[in-house]
Amino acid sequence: MRVGDIDGAIELLRNGEVIGYPTEAVYGIGCDPWNKSSVVKVAEIKNRSFEKPFLMVAASVNQLEELVDISSLSEDVMKSWPGHTTWLIQARQSTPYWLRDNETGKVGVRVSNHPTIIKLCRLYGRPLISTSANISGGREIRKQLDFKKVFSKSISYLVDGNIGDYEKTSIIIDMETNKKLR
């Protein structure tokens, strides 16, 4: 596994690869959400069902335009971003089915305040899948050495950087009901 800068990750994302990177609380695993085979790879790496949609992270609200109607975002959503809160929001009809929850039609999205994620999404030009670096049901990873031990055979690139100061992964709230789910 190579550890390198954000520029080194961009070409890999464009080629359908899965990368690792630091987030606000833990290391994350990500890919291009619109590349279905990449999203399947993330599910396989995590040993998680492809039927359960992944959350996405963006550098700005405008990057979410392809996924949700940003003019419909609530005041609570707008106040929480950029930040550590993921919102479940009704997806656009054009949003790929593998990014939406089958039952609700919603997507989980967040505008990050982590400098590495912001730069990664800006340079890539769109949001990324963002899921905690762990095998499904396992402990989240907070140390680069642990990330390498667990994922060195399945992920070829880790963006160098520090995780943020949050103790837990992002809060998840349903925008429609304002119900906190995590």
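Coordinates for the structure precede this section.
Source: prediction; values computed, not measured. (Residues numbered from 1 in each chain as written. Predicted model: local features only at pLDDT ≥ 70, side-chain atom pairs only at ≥ 80, totals over all residues. Heavy atoms only, no water.)

This paragraph deals with the pairing of strand β3 (residues 27-30). Burial of β3 is two-sided: the residues Y27 and I29 facing one way and the residues G28 and G30 facing the other way are all buried. In this structure, strand β2 (residues 19-22) lies alongside β3, joined through four bridges in antiparallel fashion. Along β3, the bridge assignment pairs G20 with I29. In textbook terms, the turn of a hairpin is the stretch between consecutive antiparallel strands, and for β2 and β3 this stretch comprises four residues. (Buried < 20%, exposed > 50% of the residue type's maximum accessible area, 1.4 Å probe, protein only. Helix = DSSP H or I, 4+ residues; strand = E, 2+ residues; numbered from the N terminus. Pairing = 2+ DSSP bridges.)

Bringing the pairing of strand β6 (residues 106-111) into the picture now. The buried count for β6 comes to six of six residues, which makes it a mostly enclosed element. As judged from the three bridges shared by strand β4 (residues 56-58) and β6, these two strands associate in the parallel manner. Along β6, the bridge assignment pairs V57 with R110. As paired strands, strand β5 (residues 85-90) and β6 are joined by four bridges and run antiparallel to one another. Following the sheet pairing, I89 is matched in β6 by V107.

Moving on, we get to helix α2 (residues 36-46). Looking at α2, one finds that the buried residues are S38, V39, V42, A43, I45 and K46. For α2, the angular spread of buried residues about the axis comes to 165 degrees, placing them on one side. The inward-facing, buried residues of α2 abut β3, β7 (128-129), β8 (131-132) and α5 (144-151). Where α2 ends, the next residue or the one after it, N47, has phi of about 55 degrees, a positive value. (Arc of directions from axis to C-beta. Contact = heavy atoms within 4.5 Å.)

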